[in-house]
Amino acid sequence: MNKVKNGVLMVTVGTLAYFFLGVMYIWSVLRIEVNNIFPEYTAAQLSLCFTIMMSTFCVGGFVGGKIVQKRTPAISLRIGSVLILLGYFGAGMMRFLEAENALRLLYISYSVVGGFGIGMGYNALMANISPWFPGRVGLVTGIMMMGMGLSSIVFAFAIEYICPKIGIFNIFIIMAVAVSLMLFVSSFVVKKPPLASVNNSQLEVKPSKKPIEMVSSLSFWIYFLWNTFAGCSGLLVINSAANIAAYFGLAASLGMVISLFNGCGRPVVGLLVDKLGQYKAMMLINVMLVIAAVMLIISDRIGISALMFVGMIFVGIVYGGGSTIATKVINDLYGPKYFGVNHSISNFCVIAASFIGPYLSGILQDRSGGGFTSTFYMLLAISVLMLLLIFGLIFIIKKEK
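The sections below set out a description of the structure shown in this document. (Residues numbered from 1 in each chain as written. Predicted model: local features only at pLDDT ≥ 70, side-chain atom pairs only at ≥ 80, totals over all residues. Heavy atoms only, no water.)

## Let's talk about the overall build of the chain
In terms of helices and strands, the chain carries 18 helices and 0 strands. On C-alpha atoms alone, the chain measures out to a radius of gyration of 21 Å, which is about the 21 Å that the 2.2 N^0.38 rule sets for 401 residues. Expressed along its principal axes, the backbone C-alpha trace of the chain runs to roughly 60 × 50 × 40 Å. The buried share of the chain, reckoned over its 401 residues, is 54%. For the chain, long-range pairs separated by at least 24 residues make up 84% of all intrachain contacts whose partners lie at least 6 apart in sequence. (Helix = DSSP H or I, 4+ residues; strand = E, 2+ residues; numbered from the N terminus. Rg over C-alpha atoms; globule rule 2.2 N^0.38 Å. Buried < 20%, exposed > 50% of the residue type's maximum accessible area, 1.4 Å probe, protein only. Contact = heavy atoms within 4.5 Å.)

Below, the structure is given as C-alpha cells:
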C-alpha cells in the first residue's frame, strides 16, 4: 500500500514538475517580447536561441542520466534546479546590457545553462517515476507528459496577460524562481524504482543493453529515425499552426488547439501503448498521421475548414504520442538497467527534428507562395515513410533477437 501511495505521489509531483519544465516550449511567445525591447535582433538570431536550448537540453538529459545511474535522482534534480534558477535569472539581467552583450547573455544563460538544467530535470523524472509502474509505463508517461504539453498553452496566455504590466525581464525572474522551486521540491519525493536498487544478477532477469550496445544496434537507429520524422511532421504543422488556421479563414488562436491535443492526447497514447504494445501503438498513431495529411490536402483543395481542424488535432496527438511511446520502446527493447542514459540518448532526435521541421516548414511555405499545399504533401510523404520504418523495425528486432 505504501509503495502504491509513494508511486501516486511521485506521478502527481512529476506531472506538476513537467508542467513547469514546459516553459521551454513557450520561446515563440517570449521572443516577441524580447524583440520588442531589442528590435535590432533578427529572426535568425532569436531562432538560434531555441535551437541552442534544445541542444543543451539533450546534453543535460544525458549527463543527468549518468548521475542518476551512479547516484540518486535527487542530486540530478537539485543540480538542474540550480541551473534553471541561474539561467533564467541571468536572462532577466539582460535589461542592464546593450543589445549585443544582452544577446550573448541570453544565449549563455537562457539557452545553455537553463536548457541544460531542464534536460537534467526532465530525464531524472522520467527515468525514475515511470518504472515504478511496470505494467503501466505508457499511461504514467503520458500523464506526466500531459503536464508538459498543456503548460505551453497556460504559460503563453499568462505571459501575454502579465507581461505588459511587469515586463519580460521580470517574467524571466518569476520563471526562474517558480520552475527551480518546483524541481527542487520534486527532489525530495522522486526515488529510484525498486528494480534500480537491486543487485546486478536480479537485473539480468530482463536483459539490458549498455548505451554503446544500444547505439551499435540497427534497431535503435531505425527507431531513432522514426521518432525524428514524428517530431519533424509535428513541427511542420505546429510551427505554422496559427498561420494555417488564418489561411483557412479561422481565428489564428484556433491554431493553439494543436497544443491542447498535443498535451491531452499523451495519456491516451500511453494507455494504447500499454494495451496494444509499442509496435501496434506506433502503427496506430502513424495511420492517424497519414489520415491527417490526407484531410489537410483535401481541405486545402476544396476549402473545408472543419476537415483542416480535425487534421490538425490528429497531428497534435501524434506529435505528443511520439515522446510518450519512446519510454516504452527504450525500456522494452534495451532493458531497465541503463534506461536513464539510453532514454536520454534517444532524445537526441529532438535536436534533429527541431532543426529540420521549422526549416523545412519555412521553405515549403515560400514555395507555395505563402500557402501550405507543399507542406501538406510533405507531411503525407513523411507519414508513409514512417510506416515503412515501423515494418523495418519489427523485422530487424526479430533478427536481432
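## Here we look at the side chain of Thr15
Take Thr15: it is sitting in helix H1 (residues 2-21). On the accessibility criterion, Thr15 (16% relative accessible area) is buried. Sequence-distant contacts of Thr15, that is, excluding residues within four places in its chain, are made with Ile143, Met144 and Gly147.

## Examining the nonpolar core
In this structure, Leu30, Tyr110 and Phe172 are the most contacted members of the largest nonpolar core, which totals 61 residues. Among the elements of the structure, H1, helix H2 (27-37), helix H3 (43-70), helix H4 (73-92), helix H5 (99-129), helix H6 (137-166) and helix H7 (168-186) are those that each provide at least two residues to this core. If you tally residues by element for this core, the top one is H5, at 12 residues. In contact with Leu30, other than residues within four places in its own chain, are Tyr110, Ile159, Ile168, Ile171, Phe172 and Met175. Listed in part, the 53 residues of the second largest apolar core include Ile244, Ala281, Ile313 and Ile390. (Core = buried A, V, L, I, M, F, W, Y, C linked by side-chain atoms within 4.5 Å.)

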